[in-house]
Amino acid sequence: MIVDSHHHIWRAADLPWLQGEMVPRIFGPYEPIRRDYPAAEYVAEATACGITSAVYVQANWPLDRCVDEVRWLREVHAETGWPTAVVGCADLFDEGAAEVMRRQAALTPLMRGTRLQLHWHERPEFRFADAPDRMKDPVFLRNIAALADLGWLFELQVFPAQMADAAALVDGFPDVTFVLVHAGMPVDFDPAGIEEWHSGLSLLAERPNVVVKLTGQGTFVHRVDRPLIERVTAACLELFGSRRCMWGSNFPIEKLWTDLPTLLSTWQDVLSGRSTEEAADVLAATATRVYRL
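Read on for an overview of the structure. (Residues numbered from 1 in each chain as written. Predicted model: local features only at pLDDT ≥ 70, side-chain atom pairs only at ≥ 80, totals over all residues. Heavy atoms only, no water.)

A short note on empty space enclosed by the protein
As a reminder of what qualifies: The definitions used throughout rest on a 1 Å grid laid over the protein atoms alone, on which a cavity is an enclosed set of points accommodating a 1.4 Å probe that cannot get out and a pocket is an open set flanked by protein within 12 Å on both sides along at least five of seven lines; lining residues are those having an atom within 4 Å of a point. Grid points are joined across faces, edges and corners, and a volume is the space filled by probe spheres set on the points. Asp, Glu, Lys and Arg are counted as charged, while Ala, Val, Leu, Ile, Met, Phe, Trp, Tyr, Cys and Pro are counted as nonpolar; the rest, among them Gly, fall into the polar class.
Considering all chains together, one arrives at four cavities of 30 Å³ or more under this definition. Its boundaries defined by the atoms lining it, the largest cavity holds a volume of some 40 Å³. In this structure, the largest cavity is lined by 13 residues; those nearest its centre are Gln217, Gly218, Glu254, Leu263 and Trp267. Residue composition of the lining of the largest cavity, by class: four nonpolar, six polar and three charged.

Here it is, written out as structure tokens:
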């Protein structure tokens, strides 16, 4: 059994960021994905690789349409049986976000959590948030508190330099599970950058309500980089343990530089050096438990 803990599907017309003139983005040029990526295409690719369940993660619809996104996914699931679970989005800096999330929860039992990307970097094309410390905003914190009542998790997307603030955020909500996206987004690979990432990762690993996704490692290098995957796998397993690590494809973003069989087989090959139990945790068991599949 293989669970893809992080993928997207979309209709390009719903995503303004896919339309108009291309602009510099975190994952580089993206002309090949400026099109529909429907469930049928993803499911065909996933099932051919042995993927049996999949978690859809929000794809940056306009924030005023985040309920429409969930409504559409409900329809897709009714037609195809996919995705297996949904992580939506809401404007967590808005006082009305808790009500929006309750509306999403009422639409479908597939809902498992929410993501609002908080990553900020000195390089403008790497930024999503408009400041590095947005996770300290009092309205944001009140909305994170609402997740416990919903039984939802929060997908935490930050760079290493933000991990100390992220640890403080996690400490404030021990009843909420935080999912660290893309293994903490290592981007600077000089010794200082690697040390900053590893130290931040260690800080978050000390919090038992944080789990980590082994995803998105082609984002900055634009290829399937086996040494990088080996480094990320080793660090995450050492610090979090396999029961708090899960694999995901990040498709179709990673489709920009690879196909799904190549991506998955590289991670499987790296995991083949681990115990059977560790590999099973990363490829299925952790995501099955965390997302209640």
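Back to the text.
Focus on the pairing of strand β7 (residues 210-214)
This is how it is decided: Buried means the residue's accessible area, taken with a 1.4 Å probe over protein chains only, is under 20% of the maximum for its type, while exposed means over 50%, and partly exposed covers the values in between. Numbering of helices and strands runs from the N terminus, with a helix taken as a DSSP run of H or I at least four residues long and a strand as a DSSP run of E at least two residues long. Strands qualify as paired when DSSP identifies two bridges or more between them.
Of all five residues in β7, five are buried; the element is thus mostly enclosed. Burial along β7 is two-sided: the face carrying Val210, Val212 and Leu214 and the face carrying Val211 and Lys213 are both buried. Here strand β6 (residues 178-180) runs beside β7; their pairing, made up of three bridges, is parallel. Of the residues in β7, the one forming a bridge with Phe178 is Val210.

Some words on the side chain of His182
Rule in force here: Under the rule applied, a polar contact is a pair of N or O atoms within 3.5 Å (in protein, one hydrogen donor and one hydrogen acceptor; residues adjacent in sequence only if both atoms are side-chain atoms). In this analysis, two residues are considered to be in contact whenever any of their non-hydrogen atoms come within 4.5 Å of each other.
Here His182 shows up in the loop between β6 and α6 (191-205). Side-chain polar atoms of His182 contact the side chain of Thr215, separated by 2.7 Å. Not counting the four nearest positions on each side in its chain, His182 is found in contact with His6, Gln157, Lys213, Thr215, Gly216, Gln217 and Asn250.

So, the sheet that holds strand β8 (residues 245-247)
For clarity, the cut-off: Lines fitted to the C-alpha atoms define the axes, with helices restricted to the stretch that makes contact. Angles between their N-to-C directions range from 0 to 180 degrees.
A sheet is described by the order of its strands in space; here eight strands give the open sequence β1-β2-β3-β4-β5-β6-β7-β8, paired in parallel fashion. In this open sheet, the two strands that pair with only one neighbour each are β1 (2-7) and β8. Looking at each pair of strands side by side, their axes are set apart by 25° on average, direction ignored. As paired strands, β7 and β8 are joined by three bridges and run parallel to one another. By the bridge assignment, Val212 is partnered in β8 with Cys245. Helix α4 (residues 138-150) contacts β4 (111-115), β5 (153-156) and β6 of the sheet and is inclined by roughly 130° relative to β5.

Some details on the pattern of salt bridges
Any two side chains of opposite charge can pair, on the condition that their charged atoms come close. In plain terms, the rule: Within this document, salt bridges are pairs made up of a side-chain nitrogen of Lys or Arg and a carboxyl oxygen of Asp or Glu, the two lying within 4 Å of each other.
According to the stated counting rule, one finds 20 salt bridges in the structure shown. With a shortest N-O distance of 3.6 Å, Asp137 and Arg134 are connected by a salt bridge. A salt bridge links Arg207 to Glu206; its shortest N-O distance comes to 3.4 Å. When its relative accessible area of 57% is taken as the criterion, Glu206 is described as exposed. Counted as one network, the salt bridges with shared partners bring together Arg11, Asp14, Arg65, Asp68 and Arg71.

Quick look at α4
Owing to its 3.6 residues per turn, the α-helix brings residues three or four apart onto one side. The criterion, for reference: In a helix, the anticipated span is given by 1.5 Å times the number of residues less one. Of all possible arcs, the one meant is that of the directions from the helix axis to the C-beta atoms.
Across its 13 residues, α4 extends 19 Å between first and last C-alpha, which sits within 8% of the 18 Å expected from 1.5 Å per residue. Regarding α4, the residues found buried are Val139, Phe140, Asn143, Ile144, Ala146 and Leu147. Axial view of α4: buried residues confined to an arc of 150°, hence all on one face. Against the buried residues of α4 lie α3 (97-107), β4, β5, α5 (163-171) and β6. Backbone nitrogen of Val139 and a side-chain oxygen of the N-cap are separated by 2.9 Å at the start of α4; the cap is Asp137. Backbone geometry just after α4 places Gly151 at a positive phi near 75°.

Considering a negative patch on the surface
Where we set the bar: Candidates for patches are residues over 30% relative accessible area with no salt bridge; among them, like charges are joined within 9 Å and nonpolar side chains (Val, Leu, Ile, Met, Phe, Trp, Tyr) within 5 Å. In this description, accessible areas are obtained by the Shrake-Rupley approach with a 1.4 Å probe, and a residue is regarded as covered only by the protein chains that are shown. Note that His is not counted, nor are the chain ends; the positive residues are Lys and Arg, and the negative ones are Asp and Glu. In this description, the location of a charge corresponds to atom NZ of lysine, CZ of arginine, CG of aspartate or CD of glutamate.
A surface patch of like charges, here negative, comprises Glu122, Asp188, Asp190 and Glu196. Residue placement: Glu122 occurs in the loop between β4 and α4. With a relative accessible area of 67%, Glu122 lands in the exposed category.

Section: the environment of Phe27
In this fold, Phe27 is placed in the loop between β1 and α1 (39-48). For the pair Phe27 and Ala131, spaced 104 residues apart in the sequence, the C-alpha separation amounts to 20 Å. Every residue in contact with Phe27, bar those within four places of it in the chain, is listed here: Trp17, Thr219, His222, Ile253, Leu256 and Trp257.

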